[in-house]
Amino acid sequence: MIVYKTREEIEIMRAAAQVVSRALGVVAEAIGPGVTPLELDRLAETYIRDQGAEPAFKGLYGFPNTLCMSRNEQVVHGIPDNKPLREGDIISVDCGAKLHGFYGDHAYTFAIGEIAPATRRLLDVTLECLYLGIEQAVAGNRIGDIGFAVQQHAQKNGYGVVRDLVGHGLGRKLHEKPEVPNFGKRGSGPLIQEGLVIAIEPMINMGVKDIKQLSDGWTIITADRKPSAHFEHDVAIIDGKPEILSTFKYVEEALAKQTA
Ligand code: MG
Ligand code: MG
């Protein structure tokens, strides 16, 4: 069953999403070569708790940390570790927070220092996929229209679209109906209607679409070990149109300061 949200509930969800956006901003201020994922995880957890919110992933299905941090060939669900980030790495940082009973869930893939041009292109195209998907999230369209837009753009660029992991409805649960695949047929799937709130999250591989799970029971990697990128926004349908509840503003501001 899809749970549609009232305007009041969407405003609480916006606040939850903004806690996550700012937590990603805190990560962005500190991230760089030599920093470890565990250090960043602690910064994000402290920030979220200081806002009176709770880290959403910690303890969920047994996940041990606040952030999912997935480096290079890791797609999603990586566990923060003590291995310093290195120049040329990319790392997806996925963060969730629960505030007043509602969830925010939001991810950004960071470049560590200078990265290879081909990897930069993967990040750019994945971000474009996210916004092309969001454009399709209008009342009267269907969920398949989102996946279609994402898949077309990724494949046009020669990339693989992960099939086994998908976006999702969001609300009082972190994962609600409907599933929001990053692939699909135009005009297929559940109808998009007023009050729907979904997490749209393209996971795009530089090489093949196939993935594997590591023996830690969490980390998903690409089958060909080529890099993968992941960006995620929380989107509500208001007045028939997609409104992005989360924002990369704080990340972008922090990264601009770093390079200034
Ligand atoms: Mg997420
Ligand atoms: Mg998600």
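Look up: the structure comes first, before these words.
Residues numbered from 1 in each chain as written. Chains lettered and ligands numbered in written order. Predicted model: local features only at pLDDT ≥ 70, side-chain atom pairs only at ≥ 80, totals over all residues. Heavy atoms only, no water.

1. Section: the overall build of the protein chain
Logical step 1: Secondary structure assignment for the protein chain yields five helices and 15 strands.
Logical step 2: Taking 260 residues into account, the globule formula puts the C-alpha radius of gyration at 18 Å, and the protein chain, at 17 Å, falls close to it.
Logical step 3: A principal-axis box enclosing the C-alpha atoms of the protein chain has dimensions of 45 × 45 × 40 Å.
Logical step 4: Within the span of the protein chain, comprising 260 residues, buried residues form 54% of the whole.
Logical step 5: The contacts of the protein chain with a sequence gap of at least 6 include a subset with a gap of at least 24, amounting to 71%.
Logical step 6: Roughly 11,000 Å² of accessible area belongs to the protein chain as shown, and the carbon and sulfur atoms make up 50% of that amount.
Logical step 7: Once the 28 positive and 34 negative side-chain charges of the protein chain are each reduced to a mean point, those two points are 4 Å apart. (Helix = DSSP H or I, 4+ residues; strand = E, 2+ residues; numbered from the N terminus. Rg over C-alpha atoms; globule rule 2.2 N^0.38 Å. Buried < 20%, exposed > 50% of the residue type's maximum accessible area, 1.4 Å probe, protein only. Contact = heavy atoms within 4.5 Å. Areas by Shrake-Rupley, 256 points an atom, 1.4 Å probe, with all protein chains shown as cover. Lys, Arg positive; Asp, Glu negative; His and termini not counted. Charge placed at Lys NZ, Arg CZ, Asp CG, Glu CD.)

2. Structural notes on the coordination of the magnesium ion (ligand 2)
Logical step 1: Taken together, D105 (OD), H168 (NE2), E201 (OE) and E232 (OE) make up the protein donors of the magnesium ion (ligand 2), found 2.1 to 2.2 Å from the metal.
Logical step 2: If you list the donors of the magnesium ion (ligand 2) from N- to C-terminus, the spacing comes out as D-x62-H-x32-E-x30-E.
Logical step 3: The distance between the magnesium ion (ligand 2) and the magnesium ion (ligand 1) is 3.2 Å, with D105 acting as a donor to both metals. Here H168, found in strand 7 (residues 167-169), pairs with E201, found in the loop between strand 9 (197-200) and strand 10 (203-205); they are 33 residues apart in sequence, far enough to count as distant. Taken individually, H168 and E201 each receive the classification buried, so the pair is uniform in this respect. (Donors = N, O, S within 2.8 Å, 3.2 Å for Na, K, Ca; no water.)

3. Some points on the pattern of salt bridges
Logical step 1: Scanning all chains against the criterion turns up ten salt bridges.
Logical step 2: Residues R14 and E243 are paired through a salt bridge, measuring 2.7 Å at the closest nitrogen-oxygen approach. With R14 in helix 1 (residues 7-30) and E243 in strand 15 (residues 241-244), this residue pair connects regions lying 229 residues apart in the sequence.
Logical step 3: Classification of E243 as partly exposed rests on a relative accessible area of 29%.
Logical step 4: The partner of D89 in a salt bridge is R71, with the nearest N and O atoms 3.7 Å apart. Taken together, the residues span a long stretch of sequence, with D89 in the loop between strand 3 (74-76) and strand 4 (90-99) and R71 in strand 2 (residues 67-71) at a distance of 18 residues. One exposure class covers both D89 and R71, and it is buried.
Logical step 5: A network of salt bridges, in which partner residues are shared, links R7, E194 and D239. (Salt bridge = Lys/Arg side-chain N within 4 Å of Asp/Glu carboxyl O.)

4. Considering the packing of aromatic side chains
Aromatic ring pairs are defined here through the distance separating the ring centres and the angle between the ring planes.
Logical step 1: Enumeration over the complete set of coordinates arrives at five aromatic pairs.
Logical step 2: Judged by centre distance (5.1 Å) and plane angle (90 degrees), the rings of Y108 and F231 are edge-to-face. Of this pair, Y108 sits in strand 5 (residues 102-111) while F231 sits in the loop between strand 13 (228-230) and strand 14 (233-238), and the two are 123 residues apart along the sequence.
Logical step 3: Under the relative-accessibility criterion, Y108 is labelled buried at 11%.
Logical step 4: Residue F231 is classed as buried on the basis of its relative accessible area, which comes to 2%.
Logical step 5: An aromatic cluster of three or more residues is present, and its members are Y108, F110, F231 and F248. (Phe/Tyr/Trp six-rings, centres within 6.5 Å; stacked < 30°, edge-to-face > 60°.)

5. Considering helix 5 (residues 249-259)
Logical step 1: Listing the buried residues of helix 5 in full gives Y250, V251 and A254. Angular distribution of buried residues about the axis of helix 5 spans 100 degrees; they occupy a single face of the element.
Logical step 2: Where helix 5 is buried, its residues contact helix 1 and strand 5. (Arc of directions from axis to C-beta.)

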